[in-house]
Amino acid sequence: MRILVIGSGGREHALIWKLRQSKQVNKIFCAPGNGGISAMAESVQIKPNQHDDLLAFARDNQIDLTIVGPEDPLAGGIVDKFEQAGQKIFGPSKAAAEIESSKVFAKQFMTKYHIPTAPYKVFDNLDEASQFVGEVNLPVVIKADGLAAGKGAIIVNTVDEARDTLQKIMVDKAFGEAGNQVVIEDKLIGEELTLMAFTDGKSVLPLLPSQDHKPVFDEDEGPNTGGMGAFCPVPFASDKLVEMITDLVLEPAIRGLWEENRPFRGILYAGLMITDFGPRVIEFNCRFGDPETQAVLPLISHDLAALCMAVANHNLELDELNFFDRFSVGVVMASGGYPGSYDKGKLINGIDRAISGNRQVFHAGSTFDNGKYYTSGGRVLCVVAQEDNLQDAIASAYDGVNLIEFDNAHFRKDIAARASRRRFRFSRQV
Ligand code: AMP
Ligand code: GLY
């Protein structure tokens, strides 16, 4: 197989690392890729939103399968375009991707198919939304309808804060057209959990449960980022809880999208809050999560290329996935200042020392020049380690982090720490 991966982050680096283990794969291209990816795939200088150019590249280079990383090209209909042209591609159609690209659609869909989620209301009028936040119990969460690069959900604690936020989203258009409508929903309390699944539109194969760490500082302080680390499996997520989420969330979603004539093929990502009353959906994504994918992929014991090809052929034949019986922990190293402004072009040392049989370094914002790596983004690297127990996996990931240096690097010191301490109602049997 000749494979084209679209994207340029740590998620895409992890996908390519896993694809390279497949005996069926003999050539991988990545558009546009990054410094780390360039060592294992051929970089193609086409941007993810240049759908026509990507299609022409796939045709001209006898690509057997294209795998889409980020949500933007999916929401823009790249899969429809490739399928119409007879090119195999892994990912949902534009209509199915609306489960992520419109929060209003996602909430109304969940209501219709009885998928548990926070109670909510939808507004397209500022005055009505402002009046509503004066009448409800706070805190609530205000969400722009459209894609906002993970920054479109804001928790507000006072009426003033709520009205300010509504003004920013709906009038000042902080997220552009994504703010034409807002969802206002109850704030949920519990532990967050990610459950991703492969699906061909009919059957659902859940991956291991994982957990992201969005806030920039330890103990979940500070502003949200694209994700500062992730680990899997999650000790509090027992097999029974995973089964419950599959039955209550993933399967009804896939059946519902089929009934709505929007068959979903690819990875369905459920972002959940595990409350005292059971799991509730915070959001659906239409793609692999970042950085969860960097932690999850090393534990899948299947050929990733074969799995993605089966989905692209609309024919997943497996009944369930198998995983290595280990824990995987990923720690993101970011540029000083991230998620605010940050410098680029800092020399990165020690990457090769940090890589071993049980430890990978996936690049997000890096470039490669004359044999050296330099920073080029906010999130720079994700160091991922696998060990037999969670404590050892945490220790190994941080050993790797400590071998790598660049000016002003920062990272959270507590990835997976709370989960490794905490007892929880739904805990795994040990
Ligand atoms: P979203 O953009 O919907 O993924 O939300 C981003 C983050 O905001 C989530 O990962 C949660 O940490 C938080 N969040 C969103 N909705 C809720 C909610 N209803 N209750 C509590 N936290 C939420
Ligand atoms: N980890 C959150 C996301 O991929 O959107």
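What comes next concerns the included structure.

Conventions we followed
- Residues numbered from 1 in each chain as written.
- Chains lettered and ligands numbered in written order.
- Predicted model: local features only at pLDDT ≥ 70, side-chain atom pairs only at ≥ 80, totals over all residues.
- Heavy atoms only, no water.
- Helix = DSSP H or I, 4+ residues; strand = E, 2+ residues; numbered from the N terminus.
- Rg over C-alpha atoms; globule rule 2.2 N^0.38 Å.
- Buried < 20%, exposed > 50% of the residue type's maximum accessible area, 1.4 Å probe, protein only.
- Contact = heavy atoms within 4.5 Å.
- Phe/Tyr/Trp six-rings, centres within 6.5 Å; stacked < 30°, edge-to-face > 60°.
- Lys NZ or Arg CZ within 6 Å of the ring centre and 35° of its normal.
- Near = heavy atom within 4 Å.
- Polar contact = N/O pair within 3.5 Å; in protein donor to acceptor, adjacent residues only side chain to side chain.
- Nonpolar A, V, L, I, M, F, W, Y, C, P; charged D, E, K, R; others polar.
- Pairing = 2+ DSSP bridges.
- Disulfide = S-S within 2.5 Å.
- Core = buried A, V, L, I, M, F, W, Y, C linked by side-chain atoms within 4.5 Å.
- Arc of directions from axis to C-beta.
- Salt bridge = Lys/Arg side-chain N within 4 Å of Asp/Glu carboxyl O.
- Areas by Shrake-Rupley, 256 points an atom, 1.4 Å probe, with all protein chains shown as cover.

**Observations concerning the overall build of the protein**
Now for step 1: Across its full length, the protein holds 14 helices and 23 strands.
Now for step 2: In summary, the protein has a C-alpha radius of gyration of 21 Å against a globular reference of 22 Å for 430 residues, a match within 12%.
Now for step 3: Once the C-alpha set of the protein is aligned to its principal axes, its extents read approximately 60 × 45 × 45 Å.
Now for step 4: Among the 430 residues that make up the protein, the fraction classed as buried is 57%.
Now for step 5: Across the protein, every contact between residues at least 6 apart in sequence was considered, and the portion connecting residues at least 24 apart equals 70%.

**Here's the deal with the packing of aromatic side chains**
Any aromatic ring pair is given by two values, namely how distant the centres are and how the planes are angled relative to each other.
Now for step 1: Applying the stated criterion across every chain, the model contains 11 aromatic pairs.
Now for step 2: Each ring, one from F123 and one from F132, has its centre 5.1 Å from the other, and the planes form 45°; the classification is tilted. Considered together, F123 and F132 belong to a single accessibility category, that of buried residues.
Now for step 3: Across the ring face of F411, the terminal group of K413 is positioned such that the distance to the ring centre comes to 4.4 Å.

**Considerations on the site of ligand 2**
Now for step 1: Lining the immediate surroundings of ligand 2 are D212, K214, Y269, N285, R287, G289, D290 and E292.
Now for step 2: Between ligand 2 and D290, the relevant distance is 2.9 Å, taken from an oxygen atom to a main-chain nitrogen or oxygen of the residue.
Now for step 3: With respect to ligand 2, the side chain of E292 contributes an N or O atom lying 2.7 Å from a nitrogen atom.
Now for step 4: Classifying every residue of the shell around ligand 2 gives one nonpolar, two polar and five charged.

**Some thoughts on the pairing of strand β9 (residues 182–186)**
Now for step 1: Counting buried residues in β9 gives four out of five residues, a clear majority hidden from the surface.
Now for step 2: Where strand β6 (residues 120–123) lies against β9, four bridges are found, and the strand directions are antiparallel. The residue bridging Y120 from the neighbouring strand is E185, located in β9.
Now for step 3: Of the strand pairs in this sheet, strand β7 (residues 140–144) and β9 are connected by five bridges, and their pairing is antiparallel. When the bridges of β9 are listed, A144 appears paired with V182.

**A closer look at the state of the cysteines**
Now for step 1: Applying the stated rule across the entire model yields zero disulfides.
Now for step 2: C308 supplies the cysteine sulfur nearest to C30, a cysteine that is in no disulfide, at a spacing of 14 Å.
Now for step 3: Here C308 falls in the buried class, since its relative accessible area comes to 0%.

**Observations regarding the nonpolar core**
Soluble globular proteins: nonpolar side chains tend toward being buried together.
Now for step 1: Grouped together as the largest cluster of nonpolar side chains are 75 residues, with contacts concentrated most on I78, I99, I115, F284, V329, L381 and I404.
Now for step 2: Among the elements that take part in this core, helix α9 (residues 239–259) stands out by supplying eight residues, more than any other.
Now for step 3: Discounting residues that sit within four places of it in the chain, I404 has contacts with M333, I348, N349, G350, I351, A354, V361, L381 and V383.
Now for step 4: In terms of nonpolar packing, the next biggest core, distinct from the first, is built from 42 residues, F90, L304, A305 and L316 among them.

**Comments concerning helix α7 (residues 126–135)**
Now for step 1: Among all positions of α7, only A129, S130, F132 and V133 are buried. Axial view of α7: buried residues confined to an arc of 160°, hence all on one face. Across from the buried face of α7, at angles greater than 90 degrees, the exposed residues are D127 and E135.
Now for step 2: Elements in contact with the buried residues of α7: β6, α8 (159–171) and β9.
Now for step 3: Capping of α7 at its N-terminal end is provided by N125; its side-chain oxygen lies 2.9 Å from the backbone amide nitrogen of D127.

**Examining the pattern of salt bridges**
Now for step 1: Here the structure, examined in full by the defined rule, presents 18 salt bridges.
Now for step 2: Ionic pairing is found between E191 and R418, a salt bridge with its closest N-O pair at 2.8 Å. Of the two residues, E191 is situated in strand β10 (residues 191–199) and R418 in helix α14 (residues 417–421); the sequence distance between them amounts to 227 residues.
Now for step 3: The salt bridge involving K346 is made with D343; its shortest N-O contact spans 3.8 Å.
Now for step 4: Given the relative accessible area of 48%, D343 is considered partly exposed.

**Considerations on the site of ligand 1**
Now for step 1: Within the structure, ligand 1 sits among 13 residues, and E185, D186, L188, E192 and E283 are positioned closest to it.
Now for step 2: D186 places a polar main-chain atom, nitrogen or oxygen, 3.0 Å from a nitrogen atom of ligand 1.
Now for step 3: The side chain of E283 places a nitrogen or oxygen atom 2.8 Å from an oxygen atom of ligand 1.
Now for step 4: When isolated, ligand 1 has an accessible area of 470 Å², and the protein chains bury 93% of it.
Now for step 5: Among the elements of the structure, β7, β9 and β17 (278–285) are those that each provide at least two residues to the shell around ligand 1.

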